[in-house]
Amino acid sequence: MIFGAAFDPSFITMTDRFGRSIDYLRISVTDRCNLRCKYCMPEDGVADIGHKNIIGFEAIERIVRVAVDLGFRKFRITGGEPLVRRGVVGLVERIASVSGVDTLAMTSNGILLSRMAAELAAAGLDRVNISLDTLQAERYRDITRGGELSDVLAGIRAAETAGLTPIRVNVVAVRGFNDDEVLDFARLTRLYPWDVRFIELMPIGDTAGFGSGYISVDELGAALQGYEPVSPNGVKAVARYYRYPGAPGRVGLISPLSSHFCGDCNKLRLTADGRLKTCLHSNREIDVKPALGSADDAALKALLSEAVLAKEERHLINDGEAPVRRGMNKIGG
Ligand code: SF4
């Protein structure tokens with residue numbers, strides 16, 4: 001018998017219509033950011049969601065509890081830039097305290113990380129992915145419209161010192177911008193136990209036009225002479241990994257366009273304004289705010305289940321589907 005005093009929630013997993021286990025919830029806690037990356041935001045920024053539409057920490061914690069009851073185990077806090085949301089350390093504490101949360105991670109641009117890494121780790125954060133598209137200070141200032149590379153590097157070191165590991169550095173590959181830095185980035189993995197992952201540029205929101213900079217990661221990866229494939233060992237991952245012989249770190253290639261991994265998709269996304277997204281590239285959204293108004297969790301549980309069962313089989317970008325309307329800063333990657 002499964003149910004009763006000895007009930008063990010780890011038996012529960014949500015399976016979608018395509019037989020995929022959905023156990024990963026990415027939670028965008030703000031659409032605001034302290035950078036203005038050219039492939040994410042137009043020059044003059046975007047109208048933000050507005051404070052009154054942003055769901056509170058109590059609601060997010062409640063959604064996490066209900067999600068755990070439905071078999072979700074991995075959670076990631078994203079943005080915009082999550083570290084600009086006031087009290088985010090308190091949110092980390094709240095989510096980390098929910099029984100059944102196996103992994104709590106974050107994706108950040110690293111700018112504020114050197115100041116906050118220690119308290120994030122103390123609050124229960126497990127690890128952090130840092131978005132970094134160039135190792136050249138001038139280029140960084142250009143692509144982010146004013147960011148300082150030295151802040152990010154200090155953030156990575158602070159995260160490592162705080163034990164927010166393994167460190168993952170995510171690089172959006174852009175032809176004519178950073179495709180000449182492949183070996184510089186890869187060299188980091190020969191010095192540090194980091195995963196440096198190249199991600200194909202995806203057409204999303206207002207900046208879908210930036211797509212002219214698209215380069216496939218296989219074309220990019222051709223430069224990685226001497227790097228050997230790392231066996232996945234049965235671990236499902238969105239990246240294919242390579243390691244230079246004897247190196248502490250790995251290089252990853254993530255190919256959402258040239259060779260998608262939708263067959264292994266395990267995620268839902270929650271936006272900062274309380275909508276469940278079934279797929280990064282789909283305009284389908286389920287508003288959970290009405291369910292948050294009821295004291296009983298049944299409605300919330302039903303909406304999460306509905307979102308899992310409504311998941312698309314795969315994205316249709318290569319089939320000419322129009323880019324998703326919502327901007328990347330309002331989805332959280
Ligand atoms: S594109 Fe959509 S279906 Fe494919 S992996 Fe991403 S979220 Fe999943």
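Treat the numbers as computed from the prediction; the structure is a model and nothing was measured. (Residues numbered from 1 in each chain as written. Predicted model: local features only at pLDDT ≥ 70, side-chain atom pairs only at ≥ 80, totals over all residues. Heavy atoms only, no water.)

Draft legend 1. Summary view of the pattern of salt bridges. What the rule picks out here adds up to 22 salt bridges. Linking Glu312 and Arg284 is a salt bridge whose minimum nitrogen-to-oxygen distance equals 3.0 Å. Here Arg284 lies in the loop between strand S13 (275–277) and strand S14 (285–287) and Glu312 lies in the segment after helix H9 (298–309), a separation of 28 residues in the sequence. The partly exposed category is assigned to Arg284, whose relative accessible area is 38%. (Salt bridge = Lys/Arg side-chain N within 4 Å of Asp/Glu carboxyl O. Helix = DSSP H or I, 4+ residues; strand = E, 2+ residues; numbered from the N terminus. Buried < 20%, exposed > 50% of the residue type's maximum accessible area, 1.4 Å probe, protein only.)

Draft legend 2. Fine view of the pairing of strand S11 (residues 250–254). Counted residue by residue, S11 has 4 buried out of 5 residues, so it is predominantly covered. Relative to S11, strand S8 (residues 195–200) runs parallel, the two being bridged by 5 bridges. Within S11, the position partnered with Val196 by the bridge is Val251. In the sheet, strand S10 (residues 239–243) pairs with S11 via 4 bridges, with the strands oriented antiparallel. Its bridge partner lying in S11, Tyr242 is registered against Val251. (Pairing = 2+ DSSP bridges.)

Draft legend 3. Looking closely at the sheet that holds strand S4 (residues 74–78). Spatially, S9-S10-S11-S8-S7-S6-S5-S4-S3-S12-S13-S14 is the arrangement adopted by the 12 strands of the open sheet, whose pairing is mixed. For this open sheet the edge positions go to strand S9 (228–229) and S14, each flanked by a neighbour on one side alone. Of the strands in this sheet, strand S7 (168–173), S8 and S11 are in contact with helix H6 (residues 182–191), which crosses S8 at around 150 degrees. Docked against the sheet, H9 engages strand S12 (267–270), S13 and S14, running at close to 175 degrees with respect to S14. (Contact = heavy atoms within 4.5 Å. Axes fitted to C-alpha atoms, helices over the stretch in contact; angles between N-to-C directions.)

Draft legend 4. Fine view of the confidence of the model for the chain. The share of residues in the chain with pLDDT of 70 or more is 93%, and the mean pLDDT across the chain is 91. Contacts for the low-pLDDT stretch residues 1–5, under 50 throughout, to residues beyond four places or in other chains number 2 contacts. (pLDDT = per-residue confidence, 0-100.)

Draft legend 5. View of the site of the ligand. Around the ligand sit Phe261, Cys262, Cys265, Arg269, Cys279, Leu280, His281 and His315, and those are all the residues in its vicinity. Among the residues forming the shell around the ligand, the class breakdown is 5 nonpolar, 2 polar and 1 charged. (Near = heavy atom within 4 Å. Nonpolar A, V, L, I, M, F, W, Y, C, P; charged D, E, K, R; others polar.)

Draft legend 6. Representation of the packing of helix H3 (residues 113–123) against helix H5 (residues 149–161) within the structure. Where H3 contacts H5, the two axes come as close as 8 Å, and the packing angle between them is 15 degrees. One element, H3, and the other, H5, form an angle in the roughly parallel class. Considering the relative orientation of H3 and H5, their crossing is right-handed. Packed against H3, whose contacting residues are Leu113, Ser114 and Ala117, the element H5 presents Ala154, Gly155, Ala158 and Ala159 at the interface. (Parallel < 35°, antiparallel > 145°, perpendicular 65-115°, else oblique. Left-handed = near helix turned anticlockwise from the far one by under 90°.)

Draft legend 7. Looking closely at the nonpolar core. Formed by 87 residues in total, the largest nonpolar core has its most connected members in Leu25, Phe72 and Phe75. Top contributing element to this core by residue count: helix H1 (residues 57–69), with 8 residues. When sequence neighbours within four positions are dropped, the list of residues in contact with Phe75 reads Tyr24, Leu25, Ile27, Val64, Ala67, Val68, Val101, Thr103, Leu104 and Ala105. (Core = buried A, V, L, I, M, F, W, Y, C linked by side-chain atoms within 4.5 Å.)

Draft legend 8. Region of interest: H6. When H6 is considered as a whole, its buried residues turn out to be Val182, Phe185, Ala186, Leu188 and Thr189. Considered in projection along H6, the buried side chains sweep an arc of 135 degrees and stay on one side of the axis. Contacts made by the buried residues of H6 are with S7, S8, helix H7 (217–221) and S11. (Arc of directions from axis to C-beta.)

Draft legend 9. Expanded view of the environment of Tyr39. In this structure, Tyr39 sits in the loop between strand S3 (24–28) and H1. On the basis of relative accessibility, which here comes to 17%, the residue Tyr39 falls in the buried class.

Draft legend 10. Examining unusual backbone geometry more closely. Residue Gly80 is bonded to the preceding Gly79 through a cis peptide linkage, with omega at 5 degrees. Within the element layout of this structure, Gly80 appears in the loop between S4 and helix H2 (88–96). Between Thr165 and the following residue, Pro166, the backbone shows a cis peptide bond with an omega angle of 0 degrees. A positive phi angle, near 55 degrees, is found at Arg145, a position not held by glycine. Considering the arrangement of structural elements, one finds Arg145 in the loop between helix H4 (137–143) and H5.

Draft legend 11. Spotlight on H5. Compared with an ideal rise of 1.5 Å per residue, which puts 13 residues at 18 Å, H5 spans 19 Å between its outermost C-alpha atoms and is within 8% of the ideal. For H5, the complete set of buried residues consists of Leu149, Val152, Gly155, Ile156, Ala158 and Ala159. In this structure, the buried side of H5 is in contact with H3, strand S6 (127–131), H4 and S7. Just downstream of H5 lies Gly163, where phi reads positive at about 85 degrees. (Expected span 1.5 Å × (residues − 1).)

Draft legend 12. Molecular detail of the side chain of Asp31. Tracing the chain through its elements places Asp31 in the loop between S3 and H1. A polar contact is formed between the side chain of Asp31 and the side chain of Lys330, at a distance of 3.5 Å. The contact partners of Asp31, leaving out residues within four places of it in the chain, are Met41, Ala47, Asp48, Ile49, Ile54, Gly80, Ala272, Asn329 and Lys330. (Polar contact = N/O pair within 3.5 Å; in protein donor to acceptor, adjacent residues only side chain to side chain.)

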